[in-house]
Amino acid sequence: MKNGEEEEGEEEEEEEEEEKWINHYSNSQRILLVGEGDFSFSLCLAKAFGDATNMVSTSIDTQDSLAKKYSDAIGNVRELEEKGCLVLLGVDATQMSQHFFLKTQRFDRIVYNFPHVGFLHREDSYCQIQLNKGLVKNFLKGAKDLILKTGEIHVTHKKGEPYDKWEIERKAAKIGLALQDSVPFKKQDYPGYANKRAHGNNSNLPFALGEANTFKFTLK
């Protein structure tokens, strides 16, 4: 017969080990987040999990540029770090597989929401489209090196013109990735997430999401 204290201890242990999910992501997954803007998406996941010890969150920005571009970024980073997230700044999404730390790691999920090089030309111009296609291609190449065999690479991307011309699925297939699924992205599914323009004088303002999908790629 077990006494009451033993049973209570077992119940507490079961509660501690319970897997916590928010949409496609759980605290049992090792998650790398790329191009994180003001880090509000990462913080949303961390709050859902209760901590962020399973997460590495990155941005190409330095601490100074984060402070200049976004009103909440520094506070979000501090909260993430308090929850156990490893935050890495100055990480180029196209070079991440060469990063001194990241190249030693492997992940269950690698997530890049709304990749964009910045508004160097008109959004629908050939030059702008080619630059964005290059960004996505090089990100996927690097992510392929860092993903576990059973892992998934997630790219959330706007639908319609000119975004369909980025040919994300085709780029992925050419480098040896298979499209496992494509599901509608709904901002309301991620409480606290603030999508930011990230570039120019209005970097802290949101951009129109419109229709967007999360593309899930796996190794072939």
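Residues numbered from 1 in each chain as written. Predicted model: local features only at pLDDT ≥ 70, side-chain atom pairs only at ≥ 80, totals over all residues. Heavy atoms only, no water.

Asker: Provide a residue-level description of the overall build of the chain, including the pertinent values.
Answerer: Looking only at helices and strands, the chain has 6 helices and 9 strands in total. Here the chain has a C-alpha radius of gyration of 19 Å; the compact-globule value for 220 residues is 17 Å, and the two agree. With the C-alpha coordinates aligned to their principal axes, the bounding extent of the chain is approximately 75 × 40 × 35 Å. By sequence separation, contacts in the chain at least 24 residues apart represent 73% of the contacts at least 6 residues apart. Counting every atom, the chain has about 11,600 Å² of accessible surface; 46% of that belongs to carbon and sulfur. Between the centroid of the 29 positive side chains of the chain and the centroid of its 36 negative side chains there is a distance of 15 Å. (Helix = DSSP H or I, 4+ residues; strand = E, 2+ residues; numbered from the N terminus. Rg over C-alpha atoms; globule rule 2.2 N^0.38 Å. Contact = heavy atoms within 4.5 Å. Areas by Shrake-Rupley, 256 points an atom, 1.4 Å probe, with all protein chains shown as cover. Lys, Arg positive; Asp, Glu negative; His and termini not counted. Charge placed at Lys NZ, Arg CZ, Asp CG, Glu CD.)

Asker: Any details on the state of the cysteines? Residues and values, ideally.
Answerer: For the structure on display, the rule yields 0 disulfides. The closest cysteine sulfur to the non-disulfide-bonded C85 is located on C44, 13 Å from its own sulfur. Taking the relative accessible area as the measure of exposure, C85 reaches 6% and is therefore buried. (Disulfide = S-S within 2.5 Å. Buried < 20%, exposed > 50% of the residue type's maximum accessible area, 1.4 Å probe, protein only.)

Asker: An account of the UniProt feature "domain: 25S rRNA (uridine-N(3))-methyltransferase BMT5-like" (unreviewed entry) in the chain is requested, with residue identities and associated values reported.
Answerer: Sites flagged by UniProt as "domain: 25S rRNA (uridine-N(3))-methyltransferase BMT5-like" (unreviewed entry) map to residues 32-197. Secondary structure across residues 32-197 divides into 33% helix and 23% strand, with the first and last C-alpha atoms of the span separated by 21 Å. (UniProt positions renumbered as here; feature names shortened; annotations may be inferred.)

Asker: Go over the sheet that holds strand 4 (residues 55-59), please, and point to the residues and values.
Answerer: Strand order in the open sheet made by the 7 strands is 5-4-3-6-7-9-8, with mixed pairing throughout. Two strands lie at the open edges of the sheet, namely strand 5 (86-89) and strand 8 (177-184), each paired on one side alone. With strand direction ignored, the average angle separating the axes of adjacent strands in the sheet is 20 degrees. Pairing geometry for strand 3 (residues 31-34) and strand 4, over 3 bridges, is parallel. (Pairing = 2+ DSSP bridges. Axes fitted to C-alpha atoms, helices over the stretch in contact; angles between N-to-C directions.)

Asker: Account for the nonpolar core, naming residues and giving values.
Answerer: Counting residues in hydrophobic clusters, the biggest one holds 29 residues, and the most contacted among them are L32, M96, L102, I110, F139, L140 and F217. Ranked by residue count, the leading element in this core is helix 5 (residues 126-146), at 7 residues. In this structure, F139 is in contact with V34, A93, T94, M96, I110, Y112, I153 and V155, ignoring residues within four places of it in sequence. Formed by 28 residues, the second largest nonpolar core is a distinct cluster that contains I22, L43, A46 and A73. (Core = buried A, V, L, I, M, F, W, Y, C linked by side-chain atoms within 4.5 Å.)

Asker: Residues and numbers for unusual backbone geometry, please.
Answerer: Here E161 and P162 are connected by a cis peptide whose omega angle stands at 0 degrees. Its location among the elements puts P162 in the loop between strand 7 (147-158) and helix 6 (168-174). Even without being a glycine, F39 presents a positive backbone phi close to 65 degrees. On the secondary structure map, F39 appears in the loop between strand 3 and helix 2 (40-49). We note that F114 has phi near 50 degrees; this positive angle belongs to a residue other than glycine. In this structure, F114 sits in the loop between strand 6 (107-113) and helix 5.

Asker: Outline the packing of aromatic side chains, listing residues and values.
Answerer: A complete count under the given rule lists 10 aromatic pairs for this structure. Here Y112 and F139 contribute two aromatic rings whose centre-to-centre distance is 5.0 Å and whose plane-to-plane angle is 75 degrees, an arrangement assigned as edge-to-face. Within this pair, whereas Y112 is found in strand 6, its partner F139 is found in helix 5, the two being separated by 27 residues in sequence. Comparing Y112 with F139 shows no difference in burial state: the two are buried. Where F185 meets Y193, the ring centres are 6.1 Å apart and the plane angle is 90 degrees; that geometry is what we call edge-to-face. Here the aromatic cluster, defined as three or more aromatic residues joined through ring pairs, consists of Y25, F41, F114, F185, Y190, Y193 and F207. (Phe/Tyr/Trp six-rings, centres within 6.5 Å; stacked < 30°, edge-to-face > 60°.)

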